[in-house]
Amino acid sequence: SAPVFRNVIFQNNHAREGGAVQIDRSAPKFYDCQFIGNSANMDEEDNWGGHGGAVNAPYTRSPDPIEFIRCTFWNNRAWAEGEWTTGGAVNSRVPVNYINCLFVGNEAKVDQGNDNWVGGGAIVVDPQYHDSDNDEWYGATTAIINCTIVGNRSKASGQNTPAYSGGIHVWGRD
């Protein structure tokens, strides 16, 4: 079974990945939750992190999607220095449904990124993920229905470091 969260406020939480929530091998449901001022910041000791300011969902074995219904993502941030970073609010490589959600003022930022990139001020959607246990690629479906995505941004500094998609960044594999 998957956990269910109702009317929960996730505020001012900080981690390397998934500032408020890291989802691994599960498909939780979030109803009427607020994600406010959370951050995922790169760990300067091992140069890793900065993915999913509020939520990071790198992989799952569940066939069911993670669901966010009537949730608010406000002023969350993913940050890295000298490395790539993704998903100011949510970074996902698994099936996710966003229904009637609001994304405002989220940011994905890389400083001194030299030959790196930053994307998805609000959301990063990676429609395929790799199961390293079985050495297989799986497809993931994301649905964004009746959502408002406004005032989010991707920002980069450094040589050859593009900032993609202030709102949603969708990428895949060849």
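Our structure is the block above this text.
Described in the following lines is the structure provided in the data block. (Residues numbered from 1 in each chain as written. Predicted model: local features only at pLDDT ≥ 70, side-chain atom pairs only at ≥ 80, totals over all residues. Heavy atoms only, no water.)

**Remarks on the packing of aromatic side chains**
Scanning the model with the defined rule gives 12 aromatic pairs in all. Between phenylalanine 30 and phenylalanine 68, the ring centres sit 4.8 Å apart and the planes meet at 10°, which makes this aromatic pair stacked. With phenylalanine 30 in strand 5 (residues 29-31) and phenylalanine 68 in strand 9 (residues 66-69), this residue pair connects regions lying 38 residues apart in the sequence. The burial state of phenylalanine 30 is the same as that of phenylalanine 68; both residues are buried. (Phe/Tyr/Trp six-rings, centres within 6.5 Å; stacked < 30°, edge-to-face > 60°. Helix = DSSP H or I, 4+ residues; strand = E, 2+ residues; numbered from the N terminus. Buried < 20%, exposed > 50% of the residue type's maximum accessible area, 1.4 Å probe, protein only.)

**What to know about the nonpolar core**
One finds Phe30, Phe35, Val55, Ile66, Phe68, Phe73 and Phe103 to be the most contacted residues of the largest nonpolar core, which totals 24 residues. Those elements giving two or more residues to this core turn out to be strand 4 (21-24), strand 8 (55-59), strand 9, strand 14 (96-99) and strand 18 (123-125). Residues within four places of phenylalanine 103 in sequence aside, it is in contact with Phe73, Ala89, Val90, Tyr98, Ala122, Ile123, Thr148, Ile149, Val150 and Asn152. (Core = buried A, V, L, I, M, F, W, Y, C linked by side-chain atoms within 4.5 Å. Contact = heavy atoms within 4.5 Å.)

**Regarding the environment of tyrosine 31**
Here tyrosine 31 is to be found in strand 5. Under the relative-accessibility criterion, tyrosine 31 is labelled buried at 18%. Tyrosine 31 sits 39 residues away from arginine 70 along the chain, and the two C-alpha atoms are 6.1 Å apart. With residues near it in sequence (within four places) discarded, tyrosine 31 still touches Val4, Phe5, Arg6, Asn7, Glu67, Ile69, Arg70 and Cys71.

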